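Notes for the structure review
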Amino acid sequence: MEEIGLTIDGLDIVAEKGNNILEVALKNNIYIPHLCYYPGLKPSGACRLCVVEVGGELMPSCLVPVVPRMVVTTNTPQVERARRAIVELLIADHHYDCRHCQASGHCELQRIMARLHISVKQMRPLRWARKEIPQDTSHPLFDYDPGRCVLCSICVKTCERVSSGTINFVGRGYGTKLGFFGDKSRCESCRGCVESCPVGALVPKSTLPPSTEPSVTTGL
Amino acid sequence: MAVDEELEEGLLREILSFYKGERAELIPILLEVQANFGYLPDYALQFIASFIGIPEGEAYSVASFYALFRLAPLGRHRVTVCRGTACHIRGASQIVSEIEELISIKEGETTPDLEYTLETVACIGCCALAPCLRIDSRVHGEMTPEKVRELFPALGEERQNVR
Amino acid sequence: MFVKQRTISVCQGTGCISGGAEQVYSFLDAGIDKLHLRDSVYLKRSGCHGFCQRGPLVTVEPEGIFYSKVTPEDVPAIFQSLLAEGKPVERLFYRDPATSRPIAHYRDIPFYSKQQRTVLRNCGNIDPERIDDYLATGGYQALHRALFEMPSERIIDEVKRSGLRGLGGAGFPTGQKWEACRQAAGAPKYVICNGDEGDPGAFQDRSVMEGDPHSVLEGMIIAAFAIGAQRGFVYVRAEYPLAVKRLKIAIAQAKERGFLGQDILGSGFGFDIEVFQGAGAFVCGESTALVLSIEGRRGMPKPLPRPRTTEVGLWGKPTLLNNVKTFANIPLVISRGSAWFASRGTGKSKGTAIFSLTGKIANSGLIEVPMGVKLREIIFDIGGGVPNGKAFKAVQTGGPSGGCLPATLLDMPVDFDSLVAAGSMMGSGGMVVMDEDTCMVDVARYFLDFTCRESCGQCIPCRVGTKQMFDILDDITRGQGRPEDIDLLLEFGEVVARTSLCGLGQSAPNPVLTTIRYFRDEYEAHIYKKRCPAGVCPELIAKVGAD
């Protein structure tokens, strides 16, 4: 594999040609927050969390292939400002109830908040969505919480590879969620979707918490 | 009911007979099927998906993206109020409220007797006649709450005549 | 009875039809039969004049008499006026909004006389369903010239020299785009006309597609020849059924006469055009989303970095995508030459711009003026100013992607770059005039409502950010604004603008950012005093009333 030399945050890095900036950074222990990136899947550049500065411009690092002598900065005020705002928007829109969430402890959103030092108490006073969207329990394998879904499309892409897609985006814009239209017997029960979900949107059915769980976020 | 289903399937096949089954035909097919059925029933989506050779979920996913596609039955009369910029400034939201009161449903809903569906749309393209609304295919411009009240009894009369 | 040779033209654009123009036409038609005037009076339908507020519109040639708000009951009077001693029907004349002075001839109506109707040259004058009308104005001669007298490079060169920039919003140099597509590797190539005019408040593309569809087709055919494409699409938004109908008729007629099809005019070049109907998604005006839509997919734009559509477009092939008005300009560029075209407009913005002037304005309609005309002239001289004695407050340009400009900017020239410098943009050409009774916070809320509904939902900044901004604005208009809200809107607005995946999200905050910039006091009144100075926000008026 051809090797390429570039600089990330002042550090000289050697990378493989064809890799994107995000992969290279993570491999070299430089943390770049990301939600919709998953190793082995084609990156979509959708969450925008992985933005970095290249030549003064913000670019999604998962979509930019490394080139020789590239200079990347991941810790400029512009980048930090962008990341913080995007995470805060997400939290205020999230069915935020870690105590009762299946994914707590291995949730990418929690990880990002910890790494970027963002907490509910200290974030700016946005309007909280207080989502009261009911769970979708129609799928035989898992339960889906649209209030926790970040629309990363990892499950959609994972499913496509296995069973030609029984999970899809439905709707448009703010109301977009996952849908499982059609013959559910096409599902191969591979559990790839549940395992690759970065947050607590898709949880296995058998370990669902009791139904008395409140579905309204308590906000701040 | 079985007869209806047969007829409907026959109509579907008839519509699809003019197409080749290519992916790029999906939206034109959905438009035509909806024009004939009034909306896109689940079984129609499944049929179309199979015709084109894509998973059913994919067909549903595409249909659900576009505002024009109805995935649930519509009322006989479609009332569409324009909420374009010009119409908004000239009082479109008042027009919407007036209609909501008159036929007792909210925007996006259909009356229980399946007579009316009320929707709003971003722009009808008649901005110089704002505020506008469309009932089925007729555009009515320069609307006021009074004119709205006049329009609805008129529609009611049409229903009488049809019977 | 003796009647001089006359042509009576009845506008059959969507606007006039909604006012009863079809009935006016049929009454006139019946009257001509009854009075045996078929040999002397030629009755025809015309496309949208762009002056829809005055419709139904009827013009009488050769005098050029212009009648507005014509009803079927007025028809007998019109026939009376055609007699030898008959006088034109004065009560149907257009009246100057300021002086109420009646004006008989459309050439004297400032709304028309101050325009330079080039793209709109035929709208209102020809029957869009008769190709012979188009031919009679010199139509398809440019195509002939392009096919037989000009090699592709020369055609592209002419377009480059003309300085024509895309009129869909971005203003990208058209000739450059054509050249890139011509040079791109890959076949087959495609030409797409973007008729997905989704900006609420803009209807230029509708008028051109309804009123002069052949001008668009001719432009597309010339483009296809220049870049080497065989297949083209006109993407028309779902809400324009009349445009779809007129385009289909025009395509069929063009094919019949050999302007489309296998061997166009015997040149050996073949090109076919289909109409593709959109299904209700504003975001599909974005080029990659439009292409995905034709391919039968969800219209979710592709993020940068990615290859340009001219290189990788429809089905992965080089695709030329231009707006309706851009194509409609092409026959003129070719037949009258790039030097003529570049003689109008400003240094960097050549030719004309078409604005759809709406809102609180006396003469609402389509206005085509050379680039560089002052905002003041458009609004006050041509538009007739703000009616009912109200004070001008702001003008919003560029639709949901644009910004609101205050009175202090009325003397700025209207062209691509000046508008951007002021915080707005040309965009679709929508120009909505607002007066003292317009609440600027409500305007910002309105636009965020729109962009939030139309967001494709892919990326967090746009999907969640526009909703958040809308929620804050909604609260402010309902008296629930908080002191930190202005800063929140500015901060998050800027991040949404910088990090959104596509132009929709990137420009969505513009109305908010400009209204805060130029009308901050209104925001503060809503937040701190719970007052709506313009008297619009219902919950804040009620509060005042209760005091």
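This is a predicted model, so every value here is computed, not measured.

1. Let's talk about the pairing of strand β8 (residues 229-236) of chain C
Residues and elements named next belong to chain C. Where burial is concerned, most of β8 is hidden: 6 out of the 8 residues are buried. Two strands pair when backbone bridges link them, and strand β7 (residues 189-195) and β8 are joined in this way by 7 bridges, in the parallel orientation. When the bridges of β8 are listed, K189 appears paired with A229. Taken together, the 6 bridges between β8 and strand β9 (residues 272-277) define a ladder with parallel strand orientation.

2. Looking at the sheet that holds strand β4 (residues 57-60) of chain A
All names here are of chain A. Read across the open sheet, the 5 strands follow the order β2-β1-β5-β3-β4; overall the sheet is mixed. Where the open sheet ends on each side, the last strands, each with one partner, are β2 (11-16) and β4. The average angle at which neighbouring strand axes cross in this sheet is 40°, direction not considered. Both strand β1 (residues 3-8) and strand β5 (residues 71-73) contribute to a ladder of 2 bridges, which runs parallel. Following the sheet pairing, T7 is matched in β5 by V71. Sitting on the sheet, helix α2 (residues 77-92) touches β3 (51-54) and β4, and the angle it makes with β3 is about 165°.

3. Structural notes on the domain arrangement of chain C
Residue and element names in this part refer to chain C. For chain C, the assigned domains are domain 1 (6-113), domain 2 (131-342), domain 3 (352-435) and domain 4 (440-546). Taking only C-alpha atoms, the centre of domain 3 and the centre of domain 4 are 22 Å apart. The interface of domain 3 with domain 4 comprises 11 residues on the first partner and 15 residues on the second. Listing elements by their share of the side of domain 3 that touches domain 4, those giving two or more residues are β13 (392-397) and β14 (403-406). Counting residues per element, the side of domain 3 that touches domain 4 draws most heavily on β14, which supplies 3 residues. Among the residues forming the side of domain 3 that touches domain 4, the class breakdown is 5 nonpolar, 6 polar and no charged.

4. Quick look at the nonpolar core
With 284 residues, the main nonpolar core has I221, I222 and A223 of chain C as its most contacted residues. Residues contacting A223 of chain C, with those up to four places away along its chain left out, are W178, V191, L320, F327 and I330 of chain C.

What counts and what doesn't
Residues numbered from 1 in each chain as written. Chains lettered and ligands numbered in written order. Predicted model: local features only at pLDDT ≥ 70, side-chain atom pairs only at ≥ 80, totals over all residues. Buried ≥ 20, exposed ≤ 12 C-beta atoms within 10 Å, placed from the backbone. Helix = DSSP H or I, 4+ residues; strand = E, 2+ residues; numbered from the N terminus. Pairing = 2+ DSSP bridges. Axes fitted to C-alpha atoms, helices over the stretch in contact; angles between N-to-C directions. Contact = placed C-beta atoms within 7 Å. Domains from an automatic or database assignment. Nonpolar A, V, L, I, M, F, W, Y, C, P; charged D, E, K, R; others polar. Core = buried A, V, L, I, M, F, W, Y, C linked by C-beta atoms within 7 Å.

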